[in-house]
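Next come the chains, spelled out residue by residue.
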Amino acid sequence: MPCVADWLNNPFSIVQGIFAQNVPNSDWEKKVTEYFKEKLKENNATNWVPSLNDVPVHYLKPNSLVKFRCMVQDMFDPEFYMGVYETVDPNTNARVLHFGKYRDVAECAPQQEIDLNSSQTVTSERQTFYCVPVPGESAWVKEAYISSSQARVSPSTSYTPSRHKRSYEEDEDMDLHPSKQKEQHMGSGGDIHGCVEPKRLETEASAGHHLISPNCSPPLDLNFPLPGEKGPACLVKVYESWDNFKVNDVLEVYGILSVDPVLSIVNNEERDSSALDPMECMDTAEEQRVHSPPASLVPRIHVILAQKLQHINPLLPACLNEEESKTFVSNFMSELSPVRAELLGFLTHALLGDSLAAEYLILHLISTVYARRDVLPLGKFTVNLSGCPRNSIFTEHIYRIIQQLVPASYRLQMTIENMNHSRFIPHKDYAANRLVSGVLQLASNTSLVVDETQLEQGQLDTTGVHNVTALGNLITWQKVDYDFSYHQMEFPCNINVLITSEGRSLLPSDCQVHLQPQIIPPNMEEYMNSLLTAVLPSVLNKFRIYLSLLRLLDYSISDEVTKAVEEDFVEMRKNDPESITADDLHRTLLVARFLSLSAGQTTLSRERWLRAKQLEALRKVRLQQQKCVNGNEL
């Protein structure tokens, strides 16, 4: 591991070296990016970098290289900073050039001052994202990332007096959130705090700690979309190509960790001064409070490299286009058939012996929106699993099993109280200038299990009606309309929704499958728990790879098969014009698509088309039987 101490523990020394060699040439920034990109390609070097997802921030060395797997929850206004600035010694008039990139606070040695009027000063722009851990990320995903990590960390002794040391679990009640970063101290006023001796800074941080404690102000909200989430929220500062990223994207970022206590002091002083002179700062006190949180609670990451993640399954290669990844994929595809058979058996047992429901559940779990035609999302496959026992632990255990199979999921209990009191739709808080998250602000490919068996009689209030409407729009159009008070803004999404209900769901769905249990276990809890304990971890991992990988495969239908399907559909309409509709064709094509992919086939064959028709016929017969039993209810 060559020079790890330099590029991993002290990346600023590398940046400084490249900066010194290339100034005044402007391509020093590109060389810095290239240097770290090359370093991270060496022998699993990405595993040497400590992750904020795994390690509490107080165990990480300030200004070291870290990584963070996250979702962009909000985007702030761009901010300006001094990319290059010059310091001058008043006694000797000696001048030194510095870089301001990757820093929150401009630095200069004792007895030096920043020359704000220097012709060498370069003002640059950067974008700040407010990022949170991927909502609903499964425990097995976190554990797999932790076990693959080779990073060595120990509790940091830097700034100890001024920092609360809490693990993520202990941080659960400490809330906070930002939205448009205003802590740029490299312009006016930056030199005041940037030129203090480090020892003095540390003393000030210690002395000022109680003044800036979150306990002195209302609780700060970390703005996680889902209740009960743990982990760090971060201000991620992006320097290049930030237009490639948008809200709700899942990113992996590599950058320099900034937890400088001086940030909290400066922000506190700014708040005090602006209270005295409102013209000093146009931001409201609330906006400053949520945009400039203590760095010990919401650390800053100055991004050197960032990439959008295709998926967050740690058992799969990060990028499937590389040569090594293609070998992995072809090897796994060669043993796909037995994996599918085992998964079908496992889900059949979970669904109390119902193999038809298990088939449809597999198709649902590998479904994904692959394209949009105008407003219509293609590839969504929301399944309504009706016939579930009411007020039973069955649906809870079905969710637990799904949780063990997919990388991110959430169970939404559809009770009157939840509908009326939960915040589903993210909305813009103009006073704090931030996007306040909601339950439906989820990352792409999250599995959302809506449990309707909990629904009792009651009255939905205005919030409840809005929430149910938002759920319906998510299912039908795969979009959520965020509330910006004066208007709504459409955010497209790709969420797999499974609805468990007793009768037919109140919500729309693409496909209703009525559960027909073949076995009724005397002890449901014991039966369901034994299912998971009986599966070998290696087999469970194969299920996880299977479901994630098949979502990423391309699929096509040849002209020949398309023509055969059209002719078949015309024949079906002739035989049964009343019950065969265009919707039936669309659904059968979807079933055929996912049936083909589930067998590892990326084109539709005649055999798979016939099998899809057979599954649909069985499903419809079952619904008709249920209709006969319950009258009009489907």
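Note that the coordinates shown come from a computational prediction; the quantities given were computed from them, not determined experimentally. (Residues numbered from 1 in each chain as written. Predicted model: local features only at pLDDT ≥ 70, side-chain atom pairs only at ≥ 80, totals over all residues. Heavy atoms only, no water.)

**Here's the deal with the side chain of His 98**
Right, on to step 1. With respect to the helices and strands, the residue His 98 is situated in strand E3 (residues 95-99).
Right, on to step 2. There is a polar contact of 2.9 Å between the side chain of His 98 and the side chain of Thr 87. (Helix = DSSP H or I, 4+ residues; strand = E, 2+ residues; numbered from the N terminus. Polar contact = N/O pair within 3.5 Å; in protein donor to acceptor, adjacent residues only side chain to side chain.)

**Here we look at the packing of aromatic side chains**
Right, on to step 1. Applying the stated criterion across every chain, the model contains 14 aromatic pairs.
Right, on to step 2. Their ring planes at 85° and their centres at 5.4 Å tell us that Tyr 81 and Tyr 239 sit as a pair that is edge-to-face. Of this pair, Tyr 81 sits in strand E2 (residues 79-88) while Tyr 239 sits in the loop between strand E6 (234-238) and strand E7 (250-258), and the two are 158 residues apart along the sequence. Both residues of the pair, Tyr 81 and Tyr 239, belong to the buried class.
Right, on to step 3. Through pairs of rings, three or more aromatic residues link up here, namely Phe 12, Phe 19, Trp 28 and Phe 99.
Right, on to step 4. Residue placement shows Arg 69 over the ring face of Tyr 145; its charged tip is 3.8 Å from the ring centre.
Right, on to step 5. A cation over a ring is seen here: Arg 103 above Phe 99, with NZ or CZ 4.6 Å from the ring centre. (Phe/Tyr/Trp six-rings, centres within 6.5 Å; stacked < 30°, edge-to-face > 60°. Buried < 20%, exposed > 50% of the residue type's maximum accessible area, 1.4 Å probe, protein only. Lys NZ or Arg CZ within 6 Å of the ring centre and 35° of its normal.)

**Considerations on the pattern of salt bridges**
Right, on to step 1. Counted under the stated rule, the structure contains 33 salt bridges.
Right, on to step 2. Of the charged contacts in the structure, one is a salt bridge between Asp 249 and Lys 308, with a shortest N-O distance of 3.5 Å. Linking Asp 249 in the loop between E6 and E7 with Lys 308 in strand E8 (residues 300-308), this pair joins segments that are 59 residues apart in sequence.
Right, on to step 3. Linking Asp 584 and Lys 620 is a salt bridge whose minimum nitrogen-to-oxygen distance equals 2.9 Å. Separated by 36 residues along the polypeptide, Asp 584 in helix H18 (residues 582-598) and Lys 620 in helix H19 (residues 606-630) bring together distant segments of the chain.
Right, on to step 4. Each of Asp 584, Arg 587, Glu 616, Arg 619 and Lys 620 takes part in one network of salt bridges that share partners. (Salt bridge = Lys/Arg side-chain N within 4 Å of Asp/Glu carboxyl O.)

**Things to note about the environment of Pro 299**
Right, on to step 1. With respect to the helices and strands, the residue Pro 299 is situated in the loop between helix H8 (285-291) and E8.
Right, on to step 2. In contact with Pro 299, other than residues within four places in its own chain, are Leu 52, Val 57, Ala 233, Cys 234, Leu 235, Leu 257, Ser 258 and Val 259. (Contact = heavy atoms within 4.5 Å.)

**Considerations on the confidence of the model for the protein**
Right, on to step 1. Summary statistics for the protein give a mean pLDDT of 85 and a share of 85% for residues scoring 70 or more.
Right, on to step 2. Across residues 158-215, confidence stays below pLDDT 50; counting only partners more than four residues off in sequence or on other chains, it has 167 contacts.
Right, on to step 3. Counting contacts from residues 274-280, a segment whose pLDDT is below 50, to residues more than four positions away or on other chains yields three contacts. (pLDDT = per-residue confidence, 0-100.)

**Some details on the packing of helix H10 (residues 336-350) against helix H12 (residues 394-405)**
Right, on to step 1. Between H10 and H12, the least distance of the axes is 11 Å, while the angle of their chain directions is 160°. Classed by the angle they form, the pair H10 and H12 counts as roughly antiparallel. Handedness of the crossing formed by H10 with H12: right-handed. Contacts from Leu 343, Phe 346, Leu 347 and Ala 350 in H10 reach Phe 394, Ile 398, Ile 401 and Leu 405 in H12.
Right, on to step 2. Each residue belonging to the contact of H10 with H12 can be placed in one class, and the counts come to eight nonpolar, no polar and no charged. (Axes fitted to C-alpha atoms, helices over the stretch in contact; angles between N-to-C directions. Parallel < 35°, antiparallel > 145°, perpendicular 65-115°, else oblique. Left-handed = near helix turned anticlockwise from the far one by under 90°. Nonpolar A, V, L, I, M, F, W, Y, C, P; charged D, E, K, R; others polar.)

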